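Results of the structural survey
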Amino acid sequence: LNRKKHTFLHPGFSSILMVFLILCLVTFAVLSFMTARSDYALSEKLAEKNTQYYEANNAAQLLLAQVDEELLALYQSADDAASYYGALPAVLENLPLPDQVTDFQTDVSTDDVTASFTVRMSDTRCLAVTLDFIYPELSGDNCYKITQWQTVTDTGAASDSNTLHLYTGDTP
């Protein structure tokens, strides 16, 4: 009695299974590589933006240090608040500005004196700072109050490569 064994697996099935597994592994490897590459590119952009912000922050802090020195000298030479506020615009106009600081403007009104300036970070981003100047009650008090310290994005300077061209339904 010769009995043939009937097997479920043929040599062709295991080969097809191996090819399928190799294709799955290659697909997952390519997807992992693409994800890692896009994560790396995103982290590079984020690192560049953070570096730009902290460089702008440093330039603004340097200007504030100069303002502190000048206002301390003004406070020590002023007799009262009226003479302090009277000489304040001239002191602010003669400040040496760091290279990164642009648009330094002083606004003198009847109630108070404010100054604002921007520090350019990139073509589309800048750090906007606004100061309200106050007469210090004691010699160790602050001479100004920071009312704005904000990153501002210029949306008008965006290039066409960063915008989406959406279908509006109109025919050209």
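Residues numbered from 1 in each chain as written. Predicted model: local features only at pLDDT ≥ 70, side-chain atom pairs only at ≥ 80, totals over all residues. Heavy atoms only, no water.

Here we take up the sheet that holds strand β1 (residues 101–108). With antiparallel pairing, four strands are arranged side by side in an open sheet as β1-β2-β3-β4. Edge positions in the sheet fall to β1 and β4 (144–153), since each has one partner strand and no second. Geometrically, the sheet is characterised by an average inter-axis angle of 15 degrees between neighbouring strands, direction not taken into account. For strand β2 (residues 113–120) and strand β3 (residues 125–133), the ladder comprises eight bridges, and the chain directions are antiparallel. In the strand pairing of β3, Ser116 is matched with Thr130. (Pairing = 2+ DSSP bridges. Helix = DSSP H or I, 4+ residues; strand = E, 2+ residues; numbered from the N terminus. Axes fitted to C-alpha atoms, helices over the stretch in contact; angles between N-to-C directions.)

Right, let's get into the side chain of Gln52. With respect to the secondary-structure elements, Gln52 resides in helix α1 (residues 11–77). Among residues more than four places away in sequence, those in contact with Gln52 are Met121, Ser122 and Arg125. (Contact = heavy atoms within 4.5 Å.)

On to α1, then. Helix length check: α1, at 67 residues, gives a terminal C-alpha distance of 99 Å against a target of 99 Å (1.5 Å per residue), a fit within 8%. Residues of α1 that are buried: Gln52, Ala56, Asn57, Ala59, Ala60, Leu63, Leu64, Val67, Leu71, Leu74 and Tyr75. The secondary structure elements touched by the buried residues of α1 are α2 (81–93), β1, β2, β3 and β4. (Expected span 1.5 Å × (residues − 1). Buried < 20%, exposed > 50% of the residue type's maximum accessible area, 1.4 Å probe, protein only.)

One finds Leu71, Phe117, Val119 and Phe133 to be the most contacted residues of the largest nonpolar core, which totals 28 residues. Elements supplying a minimum of two residues to this core: α1, α2, β1, β2 and β3. Here this core takes nine residues from α1, the largest share from any one element. Other than its neighbours up to four places away in sequence, Leu71 contacts Tyr84, Leu88, Phe133, Cys143 and Tyr144. (Core = buried A, V, L, I, M, F, W, Y, C linked by side-chain atoms within 4.5 Å.)

This paragraph deals with the environment of Ala73. Structurally, the position occupied by Ala73 is in helix α1. Ala73 gets classed as partly exposed once you look at its relative accessible area, which sits at 41%. On a C-alpha basis, the gap between Ala73 and Val91 in space is 10.0 Å, while along the polypeptide they are 18 residues apart.

What follows covers the environment of Ser83. Positionally, Ser83 belongs in helix α2. Side-chain polar atoms of Ser83 contact the backbone nitrogen of Asp79, separated by 3.2 Å. (Polar contact = N/O pair within 3.5 Å; in protein donor to acceptor, adjacent residues only side chain to side chain.)

The next point concerns the packing of aromatic side chains. Enumeration over the complete set of coordinates arrives at six aromatic pairs. Each ring, one from Tyr53 and one from Tyr54, has its centre 5.2 Å from the other, and the planes form 75 degrees; the classification is edge-to-face. Of the residues examined, Tyr54 reaches a relative accessible area of 53% and is grouped as exposed. When the ring of Tyr84 is compared with that of Tyr135, the centres are 5.2 Å apart and the planes differ by 70 degrees; the resulting orientation is edge-to-face. One end of the pair, Tyr84, is in helix α2; the other, Tyr135, is in the loop between β3 and β4, with 51 residues separating them in the sequence. Tyr84 gets classed as buried once you look at its relative accessible area, which sits at 0%. Its relative accessible area of 23% is what places Tyr135 among the partly exposed residues. Taken together, the ring pairs in this structure connect Tyr75, Tyr84, Tyr85 and Tyr135 into an aromatic cluster. (Phe/Tyr/Trp six-rings, centres within 6.5 Å; stacked < 30°, edge-to-face > 60°.)

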